[in-house]
Amino acid sequence: MKIGLIGLGDIAKKAYLPVLSEKEGIELVLCTRNAETLNVLAHKYRIQEKVQNVEELMATNIDAAFVSTATEAHFEITEKLLQNGINVYIDKPISLNFHETERIVQLAKESGKIAMVGFNRRFIPKVRELREHGNPSFLLMQKNRYALPDYTRRFVVEDFIHVVDTLRFLMDTEVQDVKVQYLKKDDMLHHLVVQLIGEECTAIGIMNRDGGVTEEIIEYSAGHHKYVVNSLVETTHYHNKEVSLSSFGDWEPTLYKRGFYDLVDHFLDCVENGTTPDPSIEDSLVTHEICERIVGMIE
């Protein structure tokens, strides 16, 4: 199977390239306009084929492509790939523009090709484990950043979208209502609190981008049990007066802990077997729709 990796920025260097370069049974083609980056990484990972634009990439007869460019370029590249019959994995979000997002989802349906959005938290072992503990009645997720307020749309659709999607995944029920509170100063969003309401489940997502620490914490309450996942790698279980801690072994690689091995494997398996990804592109559209609704409520 021949796979293209488009865009060789931070996330591609830290996650996709290390994982894909280890995979057996695939032939990797690198694609970026930056010739120096292209040559350095091709040499480092001993990759033979490298190109500088999507047209050249498609001419190599790839079966699928990972789109890991700047978000602003997602739509144009993904549209071109799907129109040319190529399966596509898109780093979140599909686009900052909701109409472009809808267009990609529609195009994926029309082309019959596989399209999947890279919500890696659905594949993080410590997050997936939570669903084994029964349906939650209450969820709380905080994803905070140190001193990084941003414009509303970028804040929500680029970053907070992870919180929305993870809460939806853990709720495992339809979101029936959305409530929003926020602090905005001089056109910059500083913090956001969103309540997602489902049947017999309330989920609260918090993002403070004007705080003193970068952190990510998930609280999952089911029955008389509470589970707290800290930094996506360590779980504390509370039940009555008992407290227990579980974490990874010393030798588990970071990219496994953060879900990237399982995420990449899942997409490639879907391409190879012609099966629908989980999350499907339609399911990921629901997450984008909720984010668009949040932006609308703020603006």
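A short tour of the structure in this document, coming up.

Conventions we followed
- Residues numbered from 1 in each chain as written.
- Predicted model: local features only at pLDDT ≥ 70, side-chain atom pairs only at ≥ 80, totals over all residues.
- Heavy atoms only, no water.
- Helix = DSSP H or I, 4+ residues; strand = E, 2+ residues; numbered from the N terminus.
- Buried < 20%, exposed > 50% of the residue type's maximum accessible area, 1.4 Å probe, protein only.
- Contact = heavy atoms within 4.5 Å.
- Phe/Tyr/Trp six-rings, centres within 6.5 Å; stacked < 30°, edge-to-face > 60°.
- Lys NZ or Arg CZ within 6 Å of the ring centre and 35° of its normal.
- Pairing = 2+ DSSP bridges.
- Axes fitted to C-alpha atoms, helices over the stretch in contact; angles between N-to-C directions.

Re the environment of H288
Here's step 1: Note on placement: H288 falls in helix α10 (residues 281–298).
Here's step 2: According to the relative accessible area criterion, H288 is buried, its value standing at 4%.
Here's step 3: Separated by 196 residues in the primary sequence, H288 and K92 place their C-alpha atoms 9.6 Å from one another.
Here's step 4: Those residues within four positions of H288 in sequence are excluded, and the remaining contacts are P93, I94, S95, F98, T101, V117, F119 and I161.

Topic: the packing of aromatic side chains
Here's step 1: Applying the stated criterion across every chain yields a total of seven aromatic pairs.
Here's step 2: Ring centres of Y89 and F267 lie 5.6 Å apart, and the angle between their planes is 65 degrees; this geometry places the pair in the edge-to-face category. Of the two residues, Y89 sits in strand β5 (residues 87–91) while F267 sits in helix α9 (residues 260–273), which places them 178 residues apart along the sequence. For the pair shown, Y89 and F267 are each scored as buried.
Here's step 3: Grouping aromatic residues by their ring pairs yields a cluster made of Y16, F66, Y89, F260 and F267.
Here's step 4: A cation over an aromatic ring shows up here: K126 above the ring of F248, its NZ or CZ 5.3 Å from the ring centre.

Structural notes on the sheet that holds strand β1 (residues 2–6)
Here's step 1: Spatial strand order, β3-β2-β1-β4-β5-β6: six strands in an open sheet with parallel pairing. Two strands lie at the open edges of the sheet, namely β3 (49–51) and β6 (115–118), each paired on one side alone. Looking at each pair of strands side by side, their axes are set apart by 20 degrees on average, direction ignored.
Here's step 2: For β5 and β6, the ladder comprises four bridges, and the chain directions are parallel. Bridged to D91 within β6 is G118.
Here's step 3: On the sheet, helix α4 (residues 74–83) packs against β1, β4 (64–67) and β5 and is oriented at approximately 165 degrees with respect to β5.
Here's step 4: Contacts between α9 and the sheet are confined to β1, β4, β5 and β6, with β4 contributing the most and set at about 150 degrees to the helix.

Some words on the pairing of strand β14 (residues 234–239)
Here's step 1: For strand β13 (residues 225–230) and β14, the ladder comprises six bridges, and the chain directions are antiparallel. By the bridge assignment, Y227 is partnered in β14 with H237.
Here's step 2: In the sheet, β14 pairs with strand β15 (residues 242–247) via six bridges, with the strands oriented antiparallel. Residue pairing for β15: H239 is matched across the bridge by E242.

A short note on unusual backbone geometry
Here's step 1: The residue after K92, namely P93, is reached through a cis peptide bond having omega -10 degrees.
Here's step 2: Tracing the sequence through the fold places P93 in the loop between β5 and α5 (98–111).
Here's step 3: Cis geometry is adopted by the peptide bond preceding P279, which originates at D278 and carries an omega value of 15 degrees.
Here's step 4: Of note, S231 is a non-glycine position whose phi angle comes to about 55 degrees, a positive value.
Here's step 5: Considering the arrangement of structural elements, one finds S231 in the loop between β13 and β14.

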